[in-house]
Amino acid sequence: MAVLIQMQEGESGVKVRINKQRFSIGRGPENDLCINDELVSKLHAVIELVVKEAAKKNEPPQSEFYIQDQGSTNHTYVNDKAVTMSKLKHNDIIRIGMNNFQFQHDASDTLQETTQLRKTWIPGVFLTKKKDGKK
């Protein structure tokens with residue numbers, strides 16, 4: 001499963017599953033991830049899943065994710081480098097406008113741990129932490 005986790009001041013925020021082969025990101029409401037930020041283009045970037053056949057018969061197919069900038073005004077960044085297209089790796093940081101997202105691709109993620117949402121003193125800002133108290 002692949003997810004984007006919004007990062008704010010080093011803390012994890014909203015987690016968005018990439019549940020389509022072509023996942024669009026932008027300011028427009030028709031996108032799979034709609035970002036309300038004037039620095040984000042209407043269709044800013046697209047994340048695409050590419051499935052490659054396994055090299056050996058007994059191995060499962062390999063899935064790779066690529067992000068492609070869609071000619072946005074303010075560019076798409078992966079690990080602070082402007083990209084037009086880039087293969088995504090686990091824990092890459094994607095910056096779109098003023099928003100940072102951590103890309104996670106972990107086929108073994110079972111989502112067994114429930115995350116607790118807690119409100120901060122900043123209006124409209126929430127943080128998450130695990131039930132055991134760890135962030």
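Quick caveat: nothing in here was measured; it's all calculated off a predicted structure. (Residues numbered from 1 in each chain as written. Predicted model: local features only at pLDDT ≥ 70, side-chain atom pairs only at ≥ 80, totals over all residues. Heavy atoms only, no water.)

(A) Spatial organisation of the pairing of strand E11 (residues 99-105). In this sheet, E11 lies alongside strand E1 (residues 2-8) in antiparallel orientation, the contact comprising 6 bridges. In the strand pairing of E11, Gln6 is matched with Phe101. Direction of pairing for strand E10 (residues 93-96) relative to E11: antiparallel, over a ladder of 4 bridges. From the neighbouring strand, Arg95 faces E11, where its bridge partner is Asn100. (Pairing = 2+ DSSP bridges. Helix = DSSP H or I, 4+ residues; strand = E, 2+ residues; numbered from the N terminus.)

(B) How the structure looks around the packing of aromatic side chains. Inspection of the entire model under this criterion finds 1 aromatic pair. Above the ring of Tyr77, the side-chain terminus of Arg95 is found at 4.0 Å from the ring centroid. (Phe/Tyr/Trp six-rings, centres within 6.5 Å; stacked < 30°, edge-to-face > 60°. Lys NZ or Arg CZ within 6 Å of the ring centre and 35° of its normal.)

(C) Spotlight on the confidence of the model for the protein chain. Predicted confidence across the protein chain gives a mean pLDDT of 85, with 84% of residues reaching 70 or more. Highest mean pLDDT in the protein chain belongs to strand E7 (residues 76-78) (98); lowest belongs to strand E13 (residues 126-130) (63). Across residues 108-112, confidence stays below pLDDT 50; counting only partners more than four residues off in sequence or on other chains, it has 5 contacts. (pLDDT = per-residue confidence, 0-100. Contact = heavy atoms within 4.5 Å.)

(D) Layout of the pairing of strand E6 (residues 62-69). Direction of pairing for strand E5 (residues 45-52) relative to E6: antiparallel, over a ladder of 8 bridges. Along E6, the bridge assignment pairs Glu48 with Tyr66.

(E) Spotlight on the sheet that holds E10. Spatially, the 6 strands line up as an open sheet ordered E2-E1-E11-E10-E7-E8, and their pairing is antiparallel. Both edges of this open sheet fall to strand E2 (11-17) and strand E8 (81-83), since each of them pairs with a single strand only. The average angle at which neighbouring strand axes cross in this sheet is 35 degrees, direction not considered. Bridging between E7 and E8 involves 3 bridges; their strand directions are antiparallel. The residue bridging Tyr77 from the neighbouring strand is Ala82, located in E8. (Axes fitted to C-alpha atoms, helices over the stretch in contact; angles between N-to-C directions.)

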